Amino acid sequence: MAPQTTSISEQHTENSAAAPLARQILTQIQFELLLTLRRGENVLITLIVPVLLLIFFTSLNIVPAVNGSAINFLLPGILALAIMAAGMVNLGIATAYERYYGVLKRLGSSPLPRSGLIIAKVISILLLEAIQVLLLVGVAVVLYGWKPVGSPLLALLSIALGTITFAALGLAMAGALRAELTLAGANALFLIFVLIGGGILPLDHLPAPLAAFAQILPAAALTQSLQATMNSNATLPTGPLIVLAVWAVLVLLFAIRTFKWE
């Protein structure tokens, strides 16, 4: 039997085969972080504004003091707002305009699958939020003498679930709506979540029906999870974590199924 040979076209196909999915996702994560750092408005929204909000509201006498200090109430709430701003607003709007300008269309012709792009974008937001957490906690420690209490592991779990939820929500809007609608929708939802998320205004200050409705929304669930896990008497926030986990799974699956390249 004659020895088998590999044709030139077969060799070319093997050499030009797509890189492993993990490597594609890692490359896309690096690209996403680089783009974020190049956009001045992204840095302002995700890193500067949360710090200014923390300083501003801590200086006022309109929020309840927890364990003798308003910072103990505000820090978890501002962390929750920072997560919403990074995932839903920043990522959602940026991705919507990437779709509008044809950037996603070009990515769609690459070997990177739709799920890989979404995973890369969510991980890039997680890395960005690590900087957010360090900045906000650093300001709380240096300016207000805040001391870490509670359960760091449960707090990190809450942050991770919140990041997945709001990043997926932003991507769901970006992948299904026009850029202008995503811009308006993301900002409108963020304003609603600021008002009824429990991070600045406690839920018990709201009318009872509105407070009950807010309890099933991801903003209040994230805020309550962080408040419970960053408290000196930290307990497992079972209810809020379940609500947050359900939102994370449903919204992420919806984003993956409905996301369009163009």
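Criteria and thresholds
Residues numbered from 1 in each chain as written. Predicted model: local features only at pLDDT ≥ 70, side-chain atom pairs only at ≥ 80, totals over all residues. Heavy atoms only, no water. Salt bridge = Lys/Arg side-chain N within 4 Å of Asp/Glu carboxyl O. Helix = DSSP H or I, 4+ residues; strand = E, 2+ residues; numbered from the N terminus. Buried < 20%, exposed > 50% of the residue type's maximum accessible area, 1.4 Å probe, protein only. Patch = residues over 30% accessible without salt bridge, like charges linked within 9 Å, V, L, I, M, F, W, Y side chains within 5 Å. Areas by Shrake-Rupley, 256 points an atom, 1.4 Å probe, with all protein chains shown as cover. Phe/Tyr/Trp six-rings, centres within 6.5 Å; stacked < 30°, edge-to-face > 60°. Axes fitted to C-alpha atoms, helices over the stretch in contact; angles between N-to-C directions. Parallel < 35°, antiparallel > 145°, perpendicular 65-115°, else oblique. Left-handed = near helix turned anticlockwise from the far one by under 90°. Contact = heavy atoms within 4.5 Å. Nonpolar A, V, L, I, M, F, W, Y, C, P; charged D, E, K, R; others polar. Core = buried A, V, L, I, M, F, W, Y, C linked by side-chain atoms within 4.5 Å. pLDDT = per-residue confidence, 0-100.

> Would you take a moment to explain the pattern of salt bridges for this structure?
It is possible for side chains of opposite charge to pair when their charged atoms get near one another. Throughout the structure, instances matching the rule amount to 2 salt bridges. When the shortest N-O distance is used, the salt bridge between Lys121 and Glu98 registers 3.0 Å. Linking Lys121 in helix H6 (residues 114-144) with Glu98 in helix H4 (residues 71-100), this pair joins segments that are 23 residues apart in sequence. Overall, Glu98 belongs to the buried group, its relative accessible area being 6%. Several salt bridges converge on common partners, so that one network encompasses Glu32, Glu98 and Lys121.

> Help me out: how do you make sense of a nonpolar patch on the surface in this one?
Nonpolar side chains collect at one region of the surface, where Leu44, Ile45, Ile48, Val49 and Leu52 lie side by side and expose about 390 Å² of accessible area between them. Among the secondary structure elements, Leu52 is positioned in helix H3 (residues 40-58).

> What's the story with the packing of aromatic side chains in this structure? I'm lost.
The description of two aromatic rings rests on the distance between their centres and on the angle between their planes. For the structure on display, the rule yields 5 aromatic pairs. An angle of 80 degrees between the planes, with centres 5.0 Å apart, marks the rings of Tyr100 and Tyr101 as edge-to-face. Like Tyr100, the residue Tyr101 is exposed in the burial classification. Taken together, a centroid distance of 5.9 Å and an interplanar angle of 80 degrees make the contact between Phe166 and Phe193 edge-to-face. One end of the pair, Phe166, is in helix H7 (residues 152-176); the other, Phe193, is in helix H8 (residues 179-196), with 27 residues separating them in the sequence.

> Help me understand the packing of helix H2 (residues 21-38) against H6, please; the structure alone is not making it clear to me.
The description of two packed helices rests on the angle between their axes and on the distance between the axes. Where H2 meets H6, the axes come as close as 8 Å, and the angle between the chain directions of the two elements is 50 degrees. Comparing their axes, H6 and H2 come out oblique. Read as a crossing pair, H2 and H6 show a hand that is right-handed. Contacts between H2 and H6 involve Ile25, Gln28, Ile29, Glu32, Leu33 and Thr36 on the former and, on the latter, Gly116, Leu117, Ile119, Ala120, Lys121, Ile123, Ser124, Leu127 and Leu128. Classifying every residue of the contact of H2 with H6 gives 9 nonpolar, 4 polar and 2 charged.

> Is there a simple way to explain the nonpolar core in this structure?
Across soluble globular proteins, nonpolar side chains show a tendency to be buried alongside one another. Within the largest apolar cluster, 49 residues are counted, with the highest numbers of intra-cluster contacts made by Leu54, Leu75, Leu136, Phe166 and Phe193. Elements represented by at least two residues in this core include exactly H3, H4, H6, H7, H8, helix H9 (208-215), helix H10 (218-229) and helix H11 (238-258). Examining the composition of this core, we find that 14 residues originate from one element, H4, more than from any other. Residues Ile25, Leu47, Leu171 and Ala255 belong to the second largest nonpolar core, which totals 19 residues.

> Could you clarify how one ought to interpret the packing of H7 against H8 in this entry?
Contact geometry for H7 and H8: axes closest at 9 Å, N-to-C directions at 150 degrees. Viewed along their axes, H7 and H8 adopt a mutual orientation that is roughly antiparallel. As H7 runs across H8, the sense of the crossing is right-handed. Of the residues in H8, those in contact with Phe166, Leu169, Met173 and Ala174 of H7 are Thr182, Gly185, Ala186, Leu189 and Phe193. When the residues that make up the contact of H7 with H8 are grouped by side-chain class, the tally is 7 nonpolar, 2 polar and no charged.

> What is the right way to look at the confidence of the model for the protein in this model?
In low-pLDDT segments, the atomic positions of the prediction should not be examined closely. Counting all residues, the mean pLDDT for the protein is 83, and 90% of those residues have values of 70 or more. Taken as a whole, residues 1-16 scores under 50 in pLDDT and shows 2 contacts with residues more than four places along the chain or in a different chain.

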